[in-house]
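# Structural overview for review
What follows is each chain in one-letter form.
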Amino acid sequence: MYTDKPYNKFDQVFATYGPKTNLELLVLYGFISERNPFDSVELRIGISEKDPLLKKKESFIKDCGKTKKMTFPLFYYQYPKELYEFLRFCIVNTKDLTNSDLSFFNFVEEGSISIEKVIRKIIIFSCQKNLKSYTKISQEEKIFSLLDTKISISTNQKNAIRQRRCEKKILQRLIQNLQKNLT
């Protein structure tokens, strides 16, 4: 460990873990914080294989040094603006383009209200799909209620359950926030 100044023997020293997600804290230090403001869940989004502009989009995105599938972090109450930009790119169609060149389309600025609503719906759908991959909530609650009484599981197993619960909370809160913005 390195310090910013010299310390005397028996001085109290404070350490910070920095802005790390719960998964990073778990892997690096063996614990998680259920109220971690830096905690996130990853969302993977890609261009549809059925997109009529697939070849053009693949070529354009390759020229930009990106791939047709990208991963974005989702936090409790926010998501990166790059996610919105990439989704605008994914859903653009021939009607949205004034000419056939994708480089003239502005993916950074908000488009029409209908496009922004579609983007929110896509994020909601993706979050709901991710939530379905987790164990049922009732099973998890049952495990937690038995932890102190009937069964004993390792600290790693407890942390894994806590981590999954935190990830599900992030997805659920983001869905709630996006649904409020749809009305």
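Now for a description of the structure that goes with this document. All of these numbers come straight from a predicted model, not from anything done at the bench.

So, how was this worked out
Residues numbered from 1 in each chain as written. Predicted model: local features only at pLDDT ≥ 70, side-chain atom pairs only at ≥ 80, totals over all residues. Heavy atoms only, no water. Salt bridge = Lys/Arg side-chain N within 4 Å of Asp/Glu carboxyl O. Helix = DSSP H or I, 4+ residues; strand = E, 2+ residues; numbered from the N terminus. Buried < 20%, exposed > 50% of the residue type's maximum accessible area, 1.4 Å probe, protein only. Contact = heavy atoms within 4.5 Å. Phe/Tyr/Trp six-rings, centres within 6.5 Å; stacked < 30°, edge-to-face > 60°. Lys NZ or Arg CZ within 6 Å of the ring centre and 35° of its normal. Pairing = 2+ DSSP bridges. Arc of directions from axis to C-beta. Core = buried A, V, L, I, M, F, W, Y, C linked by side-chain atoms within 4.5 Å.

## Examining the pattern of salt bridges
Taken as a whole and judged by the stated rule, the model has six salt bridges. Close ionic contact of Lys68 with Glu49 constitutes a salt bridge, the shortest N to O distance being 2.8 Å. In this pair, Lys68 sits in the loop between helix H2 (54-63) and strand S2 (69-74) while Glu49 sits in the loop between strand S1 (41-46) and H2, placing the two residues 19 residues apart along the sequence. Classification of Lys68 by relative accessible area gives partly exposed; the value is 25%. Two residues, Asp51 and Lys57, come together in a salt bridge whose shortest N-O distance is 2.5 Å.

## Some thoughts on the environment of Tyr17
Inspection of the secondary structure puts Tyr17 in the segment before helix H1 (22-29). The class for Tyr17 is partly exposed, based on a relative accessible area of 39%. Taking C-alpha positions, Tyr17 is 9.8 Å from Leu28, a pair spaced 11 residues apart along the chain. In this structure, Tyr17 is in contact with Leu25, Tyr29 and Phe31, ignoring residues within four places of it in sequence.

## Quick look at the packing of aromatic side chains
Tallied over the full model, the rule gives seven aromatic pairs. Every member of this aromatic cluster is reached through a ring pair, and the members are Phe60, Phe72, Phe86 and Phe89. A cation over an aromatic ring shows up here: Lys57 above the ring of Phe89, its NZ or CZ 5.9 Å from the ring centre.

## Section: the pairing of S1
Only one face of S1 is buried: it carries Val41, Leu43 and Ile45, and the other face, with Glu42, Arg44 and Gly46, is open. Where S1 and S2 come together, six bridges link them in antiparallel fashion. The residue of S2 that forms the bridge with Gly46 is Lys69.

## Concerning H1
At 3.6 residues per turn, the α-helix brings residues three or four places apart onto the same side. The set of residues buried in H1 consists of Asn22, Leu25 and Leu26. One face of H1 carries all of its buried residues, which in axial projection span an arc of 100°. Exposed residues on H1 whose side chains face more than 90 degrees from its buried face are Val27 and Leu28. On the buried face of H1, the contacting elements are helix H6 (155-182). One or two positions beyond H1, positive phi appears at Gly30, with a value near 85°.

## Description of H2
Within the sequence span of H2, burial applies to Leu54, Lys57, Phe60 and Ile61. End-on, the buried residues of H2 take up no more than an arc of 130°, which puts them together on one face. Turned more than 90 degrees away from the buried face of H2 sit Lys55, Lys62 and Asp63, all of them exposed.

## Concerning unusual backbone geometry
Its identity is not glycine, yet Phe10 carries a phi of approximately 75°, on the positive side. Accessibility expressed as a relative area gives 79% for Phe10, which makes it exposed.

## Thoughts on the nonpolar core
Membership of the largest hydrophobic core comes to 36 residues, with the highest contact counts inside it found for Leu74, Leu83, Phe86, Phe89, Ile123, Cys127 and Leu171. Looking at this core, the elements that each hand over two or more residues are S1, H2, S2, helix H3 (81-91), helix H4 (113-132) and H6. Ignoring anything within four residues of it in the chain, the contact list for Cys127 reads Leu74, Leu171, Leu174 and Ile175.

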